[in-house]
Amino acid sequence: MKAFNFQSLDQQVLLNHGDKIKQLYEALEKNPDQYENDPILKDIITCAYNIVLGSTLDSLSNVEFIKDFFKLDTILKETYSNIEDYFNEISDKINSLTESEGNQMIILLSGITFLNLYIQVNWTGPTLQIPKEFNIKNNNRDILSLLEVDGETFYVKSQYPLFLYLAKICLIDNYAFLSDGCQSACLWSCRAMMYYQRSLANMVPTFKSSLNERFQIVFRFYSLDAIMEWNDENQYSKDELIDLATQIKIEQSLVFNYYKQLNKFRDAITEAKEISGLDASLTGALGKRTRFQTFDTAQLVLEVKSSRAVSSVVGENEPSVSDPSNYKFKREVTNDDPTLLSKPTLVDKEKFDTGNLRVIDQALCLIQCLNVKNQNTSNGLITEEMLPFVQKTLEHSNNWIVHSLGLLIKSRIEIHSSKTSERAVLQIQALVDQYDDETSPASERMRMIYALDYPSRWDMEREVAEKFIGIGAAASAFDIFERLEMWDDAIQCLTFMGKHARSEELVLARIAIQPTPELYCVLGDLKNDAQHYLTSWELSKKKYARAQRSLGKHYLMQEKWNEAIEHFSIALAINPLFPASWFNLGCSAMRIEKWDVAVNAFTRVVSMEPEEGEAWANLASVYMYQNKLEKASLALQEGIKHKRDNWKMWENFLYCSMGISDFQNSITAVIQIFELNNKKVDLNVLQGLADHVVSDKLDKQGINGRKLEKLVSELFGRITSKLTNSADLWKIYSSYHYQLGNSDKAIDLQQKACRSVESAGWENSKPHFEKVALFTKVLCNLYLEFPNTSYIYSAKLKVKGILKKVETSFSDTETFKDLQNVLKQLEEKEQSLI
């Protein structure tokens, strides 16, 4: 008998090649004795068939290896004193297997089976009916405790976490056992880790590093060139191999997005589009947006071009939404707004009608929405830019999960408009309801689940509750949060409704039923009592990072900086993926001048969230305290990118730039501060800029001062055009031109300085009189240096006027006598000019 091709089966499962695996299965049914000498092959084929068919639950009863090896029918009987003993036994049994291709393949397929079961019951539906003979508890708290990672809890209401733990044992813990014989093991391991991560309360560093490392291995086997080599025997089409390469790059991009590695995310999306040959860009087109619009205006639309042929269906037996008989995808809520059209009607409609996109390209369009959102987090362009991507996807949907995510994103966009908010809430509720709709089989739902950021059932219900809060239905939201056991959100609802006493009663009642570290932290938040956080910490056996984060915040609010630093440090040692905690640690360290601690903390913040302008500003402040102006300047440049309207940040940047002789950036900073902070200008800085130009020295970039003359002159001109009453500014401006040899300009500017300095009542104040005298003396000296009759005459009249006004008050002062001497010099110069 010809040797079984395990590698081919591995590829077929990954490509979801139902027809080829079905042929193997049907041949097995016709001749069940053909694998009599190798019974595990029968289980491998059956298990693979159930996976592509979406009937993974059947494998628990009709695959002998899974029944015997995992013992699901006796798992929770008296055989094991606790569930951890069972898991240890399974792991030991895998380690004892010989590393044959058959053993490796059946463990891989078992892991995929358990992973798909977990995802089906918690993400896609339809609801599983677990046979009673398996005696599997739905939600075993001992399993949840074992699934905690890096101090982060596993979601308490997740369904059948047992399946995920078994997938973890097969695909993650024993990846080394699989890797030699099963090429796809690295990818399935990443998929298992990603859904494990999404079931935890927060991001964890263990999975972040493992996913990044393991995806490097994935691309050794699944780059486009490597995948195209599968086609030696022409058993796969070129397009489906390209689709697979695109999907794997998309999956990596979702990891980057989840962990907020946004630059890597954008690059991965670009690569995915290049692999698929998709060119999707926003453009303008004439059309109408409202029902009663009588003229065409510019509309934002998506222009799509593909280098590959577009198919109406991708994958065997995959129904199309455009088929009227297909009601399985018809979950769209369509109570249209009486004025606004659901999408623009275009004049040149044919130009933008690309027909039915490939499913992978539809997925790319939806992933592109994440990219738009990440790039426009603080402005109103998100809605307008995301909607064309969603509309293009919903025009022709061929996949259940793609269609559902398109509707979800559309509802998230519409929730922000009063005209469509009700429809948006109803739409999300309809998407929640479809979990239990059995008309769409699991095979349809699972086909693209790994390539999309589709939320879990509990996240979807949480989203419904949040939308209820947005429209004022806090009581309905509370009912959902209470059922989901999301106590922080439930307490917020009670607070919103003004039921503060009920909040504490609820938490105490839950503690009486089942005390958990989370509940004690919630109680600590309610009562502002550090003892409850300590109880939480001890109850978790000193593993629950949130308890230490809460203690850190508690002492931060009390301005106990050393205690805050201690607790934040403990929390971040357990799970460092909390930029807010790093920020608070940095602020606490700044207060007591622990500069090295502060630098490390703010550096960690900006490495995780490069757009956090305030962290950049604080990092720069620490560097300034340490007199590390070069580093401070670089930090401020990054911060200003994201906080361009923060004049204080510009001010720090100005002083850093001046300190390191970066005069070009100094000029930019002066302008920004002047515009943002009510015409504020630092005269010392302006004097420094003027001196640099006059001295003609080299700046940081090695540029001579005189080459900046035009920029500095324009700066003075821009400022004095709006700030006309600053005598000192006019004086500096005049001196600048005098030193450059522009005598007429210097005299003109000093005249303006003299007019500005003579404020009302100056003659009654000695300091003001002395300043007027000083400015007048400077002007007269200019007249004397560059004399002409008209200048001298006007100067003489001006000095006489000043002396006359103050002769009764300040005639005995040295300043008055100096002015008399100046007048004498003017008179002498006037005589010499006659």
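Since the model is a prediction, treat every value here as computed from it, not as a measurement.

Draft legend 1. Spotlight on the packing of aromatic side chains. Within the structure shown, the criterion is met by 32 aromatic pairs. Consider the rings of Phe4 and Phe6, whose centres lie 5.0 Å apart with planes at 65 degrees: the pair is edge-to-face. One exposure class covers both Phe4 and Phe6, and it is buried. For the pair Tyr196 and Phe207, a centre-to-centre distance of 4.7 Å together with 55 degrees between the ring planes defines the contact as tilted. Here Tyr196 is found in helix H11 (residues 185-198), whereas its partner Phe207 is found in helix H12 (residues 205-222), with 11 residues between them in sequence. Assessed through its relative accessible area of 2%, Tyr196 is described here as buried. Among the aromatic residues, ring-to-ring pairing joins Tyr118, Trp123, Phe154, Tyr155, Trp188, Tyr195, Tyr196, Phe207, Tyr450 and Trp458 into one connected group. We note Lys93 situated over the ring of Phe69; from NZ or CZ to the ring centre the distance is 4.6 Å.

Draft legend 2. Layout of the nonpolar core. Formed by 273 residues in total, the largest nonpolar core has its most connected members in Phe70, Ile107, Phe114, Leu115 and Leu689. Per element, the largest residue contribution to this core is 13 residues, and it comes from helix H7 (residues 101-124).

Draft legend 3. Spotlight on the UniProt feature "repeat: TPR" (unreviewed entry) in the protein. The sites that carry the UniProt feature "repeat: TPR" (unreviewed entry) are, in the present numbering, residues 545-578 and 579-612. The span residues 545-578 carries 79% helix and 0% strand; its end-to-end C-alpha distance comes to 10 Å. Secondary structure content for residues 579-612 is 79% helix and 0% strand, and the end C-alpha separation is 9 Å.

Draft legend 4. Molecular detail of the pairing of strand E1 (residues 278-290). Here E1 pairs with strand E2 (residues 297-306) via 10 bridges, running antiparallel. By the bridge assignment, Gly287 is partnered in E2 with Thr297. Where E1 folds back on E2, the antiparallel hairpin that results is connected by 6 residues.

Draft legend 5. Looking closely at unusual backbone geometry. In this chain, Gly125 is followed by Pro126 through a cis amide linkage whose omega measures -10 degrees. Its location among the elements puts Pro126 in the loop between H7 and helix H8 (141-146). A positive phi is found at Lys71, a non-glycine position, where the angle reads about 50 degrees. For Asn528, which is not glycine, the phi dihedral falls at a positive 50 degrees. Mapped onto the secondary structure, Asn528 falls in the loop between helix H26 (517-527) and helix H27 (530-539). Take Asn528: its relative accessible area is 53%, and that puts it in the exposed class.

The rules behind these values
Residues numbered from 1 in each chain as written. Predicted model: local features only at pLDDT ≥ 70, side-chain atom pairs only at ≥ 80, totals over all residues. Heavy atoms only, no water. Phe/Tyr/Trp six-rings, centres within 6.5 Å; stacked < 30°, edge-to-face > 60°. Buried < 20%, exposed > 50% of the residue type's maximum accessible area, 1.4 Å probe, protein only. Helix = DSSP H or I, 4+ residues; strand = E, 2+ residues; numbered from the N terminus. Lys NZ or Arg CZ within 6 Å of the ring centre and 35° of its normal. Core = buried A, V, L, I, M, F, W, Y, C linked by side-chain atoms within 4.5 Å. UniProt positions renumbered as here; feature names shortened; annotations may be inferred. Pairing = 2+ DSSP bridges.

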